[in-house]
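# Coordinate inspection notes
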Amino acid sequence: MSRPELVKKEIAGISEYVPGKSIVEIAELYGFDPASVIKLGSNENVLGPSPKAVDAIIAHANNVNTYPSAVASELVDALSIYTGFSVDNICASGPGMDGLLDNLMRLLISPGDEVIIPTPTFSYYSIAASANGAVPVYVKLREDYSLDVESIKKAESERTKVIFLCSPNNPTGKCVDESDLRSIIEYTRGLVFVDEAYIEFSDSDVSHLVAEYDNIIIGRTLSKAFGLAGMRLGYGLMPSWLKSEYMKIVTPFNVSVPSVFAGVAALSDSEYLNKSITCAREGRNYLMKNIPFKVYDSQANFVLVDVSPLKSKDVTVSLLEKGIIVRDCRSFKDAGDSLIRVTVGTTEQNKKVVAAFAAASKMLKSLEYQ
Ligand SMILES: *Cc1c(COP(=O)(O)O)cnc(C)c1O
């Protein structure tokens, strides 16, 4: 028995978020020892967590009978030092940046409002927006994955509330151009959300625009460069007027006690952060040079591989059979059927990835002889 009519009608058209495959799933499917499976499908930090964050989690384990500070003030103070922004511009968020997106949609969207989403990109924007009654308006990125500013402006209507931009973009690895961004911010009547989940790995940060414009929000996370994906910790940088509104509707106590203190510790562990950044930068260069397919230039801790004329589905399976989990991008709207996203691994993992793609490229030869 089921009663789908009880679920609000906005949910009917939403497809569930497709996460990367887990180690347990793949180990079971192929009969591997889980310890031998290499997971490069979710852009997690391959260095493990910061030891300082682990110590902080243990040290605060005895306090989990109490609520955290309602607004995660210890964490917001640490974020203020890390970002250089005033606490009036910072909202900490759990679970992760995804929680920030959800709260913002709840704050901003009335049924029938529109959001503009350049594709292919991270799929949770459309889920969070649609669940709150928004109509997603999709605008394709250009062939080279840069923003099509003119088409974005054409997509704007009286109902436009938010334009979602992702820089570096997941799954393409490309950053938005600052003058394109300014032009969009100045044109739109809505807010521009810039997702900087991977910003620590990149050369171009646009967060300084928060001091200049009253309609930009930057989304950040401690899941990637800070290695805390399992703590579910994110934050937003936004104009102070928006923070005041946001604080009216935010779920109280939404960052857990261990997360608050893990975040504070990780933000102060610059040795770990620098290692993460070096690992991503060196590793992506190595993958770009050595994977025998087209690899897009990336500013993040992953690379996007175009395996055409092969299919991403077939190459992904051939890597899975070798115990390497990567992300087949077919689930990303407008990504086609030949793109694979690969998280940059450790030196040893990257060598295995290159060998596995080289083996897959032999499928090309057999195509040629058909
Ligand atoms: C990983 C990721 C996030 C999610 O961040 P959480 O803080 O883990 O929720 C947001 N945006 C993009 C583009 C991501 O890749």
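Predicted model, so just to flag it, every value in this text is computed and none were measured.

### Some remarks on the sheet that holds strand E5 (residues 160-166)
If you trace the seven strands from one edge of the open sheet to the other, you get E2-E8-E7-E6-E5-E3-E4, paired in mixed fashion. Two strands close off the open sheet at either side, each with one partner strand: strand E2 (90-93) and strand E4 (135-140). Between one strand axis and the next, the sheet turns through 20° on average, direction left out of account. Taken together, the three bridges between strand E3 (residues 114-119) and E5 define a ladder with parallel strand orientation. Across the sheet, Glu 114 pairs through a bridge with Thr 160, a residue of E5. Running over the sheet, helix H3 (residues 73-83) touches E2, strand E7 (216-221) and strand E8 (234-237) and is turned about 125° from E2. Contacting E2, strand E6 (191-195) and E7, helix H8 (residues 240-249) runs over the sheet at an angle of about 35° to E2.

### Observations concerning the state of the cysteines
A complete count under the given rule lists zero disulfides for this structure. Looking at Cys 279, it has no disulfide partner, and the nearest cysteine sulfur is the one in Cys 175, 18 Å off. Sulfur of Cys 329: no disulfide; nearest cysteine sulfur belongs to Cys 166 and is 13 Å away. Assessed through its relative accessible area of 0%, Cys 329 is described here as buried.

### Re the domain arrangement of the protein chain
Each assigned domain of the protein chain is listed here: domain 1 (4-48 + 271-368) and domain 2 (62-269). Relative placement of domain 1 and domain 2: their C-alpha centres are 24 Å apart. Each partner contributes to the interface: domain 1 provides 34 residues, whereas domain 2 provides 34 residues. Where domain 1 meets domain 2, there are one salt bridge. Arg 281 serves as the salt-bridge partner of Asp 203, at 2.9 Å between the closest nitrogen and oxygen. Counting every contact that joins domain 1 to domain 2 gives 16 residue pairs in polar contact (both at pLDDT 80 or more). Elements represented by at least two residues in the side of domain 1 that touches domain 2 include exactly helix H10 (270-290), strand E10 (302-306) and strand E13 (339-343). The element that contributes the greatest number of residues to the side of domain 1 that touches domain 2 is H10, accounting for eight residues. Looking at side-chain class alone, the side of domain 1 that touches domain 2 contains 15 nonpolar, eight polar and 11 charged residues.

Procedures and definitions
- Residues numbered from 1 in each chain as written.
- Predicted model: local features only at pLDDT ≥ 70, side-chain atom pairs only at ≥ 80, totals over all residues.
- Heavy atoms only, no water.
- Pairing = 2+ DSSP bridges.
- Helix = DSSP H or I, 4+ residues; strand = E, 2+ residues; numbered from the N terminus.
- Axes fitted to C-alpha atoms, helices over the stretch in contact; angles between N-to-C directions.
- Contact = heavy atoms within 4.5 Å.
- Disulfide = S-S within 2.5 Å.
- Buried < 20%, exposed > 50% of the residue type's maximum accessible area, 1.4 Å probe, protein only.
- Domains from an automatic or database assignment.
- Salt bridge = Lys/Arg side-chain N within 4 Å of Asp/Glu carboxyl O.
- Polar contact = N/O pair within 3.5 Å; in protein donor to acceptor, adjacent residues only side chain to side chain.
- Nonpolar A, V, L, I, M, F, W, Y, C, P; charged D, E, K, R; others polar.

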